[in-house]
Structures are given as structure tokens and as C-alpha cells.
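Spelled out from the first residue to the last, the chains are:
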Amino acid sequence: HRLVVLVSGGGSNLAALLEAHTDPGYGARVVGVVSDRPGVAALDRAREAGVPTAVVALRDFPDRAAWDRGLTEAVAVFAPDTVVAAGFMKLVGAAFLDRFGGRTVNTHPALLPSFPGAHGVRDALAYGVKVSGCSVIVVDEGVDAGPIIAQEAVPVADDDDEQSLHERIKVVERRLLVDVVGRIARDGLRVEGRHVRLG
Ligand code: GRF
């Protein structure tokens, strides 16, 4: 089962997938990593693991639709079965979803549908929730709005700041993402409306 991972930053979720895929029993292999930003640590992690990379930066295209087509082509080169957005900070568009809709998943550091968007951890803290967590979802045209595949809760501590809570969520998030992607590879992903079944 071929995986392409979309990244924008540190790549700790990517690193967890790269560790998992060394086990043949995992059933999935990262065959390509695509970033919308050059020079990010996630690209170094991919190169160190011997996985080919591509950078598709918005500023190299005349508009968003052209960027989206460029992203779609860059991903298609690797012929993935599943695309994993792991800390990918851009919304994909119509061209991408035409090609990879229903088989692209995203990880988000909050319990959706609460606190979607780029600042899920900060927004949850500002709201004053006592429990947050992480969600793995199917990507659709909305902002972190697609059908939910799996979630796990993480308690908020009284003295948490954005960084400490995010770090604690990320420990759980990595494990959940690796688990979900492995199950998709082994058993398949079925999306019926808002409902998702693994296997
Ligand atoms: C993750 O918590 C992801 O859900 C969020 O940003 C973080 C990315 O971390 N959107 P990394 O790049 O995988 O280290």
C-alpha cells in the first residue's frame, strides 16, 4: 500500500510513519513526501530515510488553482493508494479532490468538530476546555470538516500553555495516525456520507 505524505513543517508525524513502515507487517510504505514549503525539517527526515521528495510552493504558481493542479501532479507521480496530510498547512482544491478524494486523510490536534483550522490547540486553550485531543479525518473541501475516522482524548492541565498541550497531544496523535493508516492499508477505508468504516 503506497503512501504519499504531505508536510509543511517539523515532520514528527512523518517520522512516526517512516518508523512504522520499516516493519513489513505494517502493510504500508511511504513512497513520496510532498511539501508546500522548501527547507523544512520534514524534507530532511524524508531524505534521511531515502524517500523521494517534491516541493510545490504556492508562490511558484500564478494562482491557487494552478498550485492545486501542480500539487495533484506531484502527488500523482508517486501513484499513492492513500495520501496522508501530516502537518500540511494548506487546503487542497478541486483538482486534488477529483483525483485523491476519499483516500486522503488528515490529522488535526483537537477533537473535531471543535476547534478546526490552523490554531486548534490555541483555540481550545482559549476556550477553557478541560479535555482536548486529536482527530484523524477524511479530507474534503471544508476546513477540517471531513468525516471522522478516529479520535483520542487528551486532558488539559491547569498550567498548560499552547506548546505543552500541543506536545502532549502530538504524542497521542502520532500513535493514532500510525494506527489508522496501517488499518487503512490492511483493511481499506469505506466512506459513506459522514460515516467511515475501516475494513
Ligand atoms: C500536528 O499536531 C498537526 O496535527 C498540526 O501540526 C502538527 C504538525 O506536526 N496541524 P509535525 O509537522 O508532524 O511535527
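Residues numbered from 1 in each chain as written. Predicted model: local features only at pLDDT ≥ 70, side-chain atom pairs only at ≥ 80, totals over all residues.

As recorded in an unreviewed UniProt entry, the protein chain goes by Phosphoribosylglycinamide formyltransferase and comes from Cellulomonas wangsupingiae. As stated in UniProt under Catalytic activity (unreviewed entry), the record for the protein chain gives "N(1)-(5-phospho-beta-D-ribosyl)glycinamide + (6R)-10-formyltetrahydrofolate = N(2)-formyl-N(1)-(5-phospho-beta-D-ribosyl)glycinamide + (6S)-5,6,7,8-tetrahydrofolate + H(+)". According to the UniProt record, the Function (unreviewed entry) comment for the protein chain is "Catalyzes the transfer of a formyl group from 10-formyltetrahydrofolate to 5-phospho-ribosyl-glycinamide (GAR), producing 5-phospho-ribosyl-N-formylglycinamide (FGAR) and tetrahydrofolate." (UniProt positions renumbered as here; feature names shortened; annotations may be inferred.)

Moving on, we come to the site of the ligand. Close contacts around the ligand come from 14 residues, with Gly 10, Ser 12, Asn 13, Gly 87 and Pro 109 the closest. Looking at the shell around the ligand, the elements that each hand over two or more residues are helix H1 (12-20), strand S5 (104-108) and helix H6 (162-187). Counting residues per element, the shell around the ligand draws most heavily on H1, at three residues. Counted by class, the shell around the ligand contains four nonpolar, eight polar and two charged residues. (Near = placed C-beta within 6 Å. Helix = DSSP H or I, 4+ residues; strand = E, 2+ residues; numbered from the N terminus. Nonpolar A, V, L, I, M, F, W, Y, C, P; charged D, E, K, R; others polar.)

Looking now at the UniProt feature "active site" (unreviewed entry) in the protein chain. What UniProt calls "active site" (unreviewed entry) maps, in this numbering, to His 108. For His 108, a count of 25 C-beta atoms within 10 Å corresponds to the buried category. In this structure, His 108 is in contact with Gly 120, Cys 134, Ser 135, Ile 137 and Asp 144, ignoring residues within four places of it in sequence. (Buried ≥ 20, exposed ≤ 12 C-beta atoms within 10 Å, placed from the backbone. Contact = placed C-beta atoms within 7 Å.)

So, about H6. The terminal C-alpha atoms of H6 lie 36 Å apart, and with 26 residues this matches the ideal 38 Å at 1.5 Å per residue to within 8%. The complete set of buried residues in H6 reads Leu 165, Ile 169, Lys 170, Glu 173, Arg 174, Leu 176, Leu 177, Val 180, Val 181, Gly 182 and Ile 184. Gly 188 sits one or two residues past H6 and shows a positive phi near 90°. (Expected span 1.5 Å × (residues − 1).)

Among the structural elements, Gly 133 can be located in strand S6 (residues 131-138). Between the C-alpha atom of Gly 133 and that of Glu 173, which follows or precedes it by 40 residues, the distance is 7.9 Å. Not counting chain neighbours up to four residues away, the residues in contact with Gly 133 comprise Ala 110, Leu 111, Gln 151, Glu 152, Ala 153, Val 154, Ile 169 and Val 172.

Let us look at the packing of H1 against helix H2 (residues 41-48). Between H1 and H2, the least distance of the axes is 9 Å, while the angle of their chain directions is 15°. Relative to H2, H1 is oriented roughly parallel. As for how H1 packs across H2, the hand of that crossing is right-handed. The segment H1 lies against H2, with Leu 14, Ala 15 and Leu 18 engaging Ala 42, Arg 45 and Ala 46. (Axes fitted to C-alpha atoms, helices over the stretch in contact; angles between N-to-C directions. Parallel < 35°, antiparallel > 145°, perpendicular 65-115°, else oblique. Left-handed = near helix turned anticlockwise from the far one by under 90°.)

Our next topic: the sheet that holds S5. Pairing is mixed in the open sheet, where seven strands are placed in the order S3-S2-S1-S4-S5-S6-S7. Of all the strands in the sheet, the pair left with one neighbour each is strand S3 (53-55) and strand S7 (148-155). Each strand of the sheet is rotated relative to its neighbour by a mean of 20°, with strand direction disregarded. Sheet analysis places strand S1 (residues 2-7) next to strand S4 (residues 82-85), joined by four bridges and oriented parallel. What sits directly across from Val 5, in S4, is Val 84. Contacts from H2 reach S1, strand S2 (29-35) and S3, with the element oriented near 150° to S2. Contacts between helix H3 (residues 64-76) and the sheet are confined to S1, S2, S3 and S4, with S2 contributing the most and set at about 155° to the helix. (Pairing = 2+ DSSP bridges.)

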